[in-house]
Amino acid sequence: MKLIVGLGNPGKEYERTRHNVGFFVLEVLHEKLKEERMNAWELSKKFNATIAGCTVNNDKIILAKPMTFMNDSGLSVQLLMHFYKMNAADLIVVHDDKDIPLGTFKIQTDRGAAGHNGVLSIIEHIGSQAFTRIRIGIAPVNPKKMKDVSTFVLGKFGLFEKNAVVAVIEKVVEEIIKKL
């Protein structure tokens with residue numbers, strides 16, 4: 001069983017922001033897995049997340065977008081992992097990373113939060129960092145644009161940035177599908 005969590009913030013005001021790139025990846029992954037009979041997205045009050053699921057290669061796959069807001073993502077992840085009796089090795093977390101150049105990504109396992117509050121929340125709630133992280137770069141070419149980090153990550157992608165994000169999301173989804 002695999003739990004794939006995309007990090008972001010719920011609500012219209014955050015819908016197209018840099019901080020929601022984890023949600024974007026899960027939307028594309030969800031679409032690609034429809035051939036595997038992926039269920040429609042469903043809001044689960046029990047898990048405080050929007051979830052969907054299917055079976056790939058006899059392995060249950062659960063996609064989850066926590067509706068707890070970024071900094072409390074661990075609450076939702078902990079509920080899901082406890083209910084499905086999963087361990088950290090079954091978890092893949094997809095999130096934005098302001099320290100990685102736009103249009104690139106890194107896949108790492110058993111790493112610290114590196115200042116990402118959503119990841120920190122997950123580590124604190126599940127008591128482990130031994131999960132896989134897919135870090136999607138959002139860093140601009142001009143670092144001055146990140147003078148106020150909060151404003152930057154909660155801002156929307158510009159036209160040039162959108163093209164780079166769409167391209168990297170496709171690559172990330174391909175990598176996730178290889179791991180299933």
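Scroll up to find the structure.
On a predicted model such as this, the values are computed, not experimentally measured, just so you know.

K.L.:
What should I look at first to understand the nonpolar core in this one?
P.N.:
For soluble globular proteins, the rule of thumb is that nonpolar side chains tend to be buried together. Residues I4, V25, V94 and I176 are the most contacted members of the largest nonpolar core, which totals 31 residues. At the level of secondary structure, the elements contributing two or more residues to this core comprise α1 (21-32), β3 (49-56), β4 (59-66), β5 (91-101), β7 (132-139), α4 (149-153) and α5 (159-179). In terms of residue count, the dominant contributor to this core is α5 (seven residues). Setting aside its immediate chain neighbours within four residues, I4 contacts L26, L29, I61, I62, L63, A64, I92, V94, I176 and L180. In this structure, L3, I62, I123 and F131 belong to the second largest nonpolar core, which totals 21 residues.

K.L.:
Mind showing me how you'd approach the sheet that holds strand β2 (residues 42-44) here?
P.N.:
Within a sheet, each strand pairs with its neighbour through backbone hydrogen bonds, oriented either parallel or antiparallel. Taken in spatial order, the seven strands of this open sheet run β2-β3-β4-β1-β5-β7-β6, and their pairing is mixed. For this open sheet the edge positions go to β2 and β6 (105-109), each flanked by a neighbour on one side alone. The mean inter-strand angle of the sheet, taken between neighbouring strand axes irrespective of direction, is 30°. Across the sheet, α1 is in contact with β1 (2-6), β3, β4, β5 and β7; its angle to β4 comes to roughly 145°. Contacts between α5 and the sheet are confined to β1, β5, β6 and β7, with β6 contributing the most and set at about 30° to the helix.

The rules behind these values
Residues numbered from 1 in each chain as written. Predicted model: local features only at pLDDT ≥ 70, side-chain atom pairs only at ≥ 80, totals over all residues. Heavy atoms only, no water. Core = buried A, V, L, I, M, F, W, Y, C linked by side-chain atoms within 4.5 Å. Buried < 20%, exposed > 50% of the residue type's maximum accessible area, 1.4 Å probe, protein only. Helix = DSSP H or I, 4+ residues; strand = E, 2+ residues; numbered from the N terminus. Contact = heavy atoms within 4.5 Å. Pairing = 2+ DSSP bridges. Axes fitted to C-alpha atoms, helices over the stretch in contact; angles between N-to-C directions.

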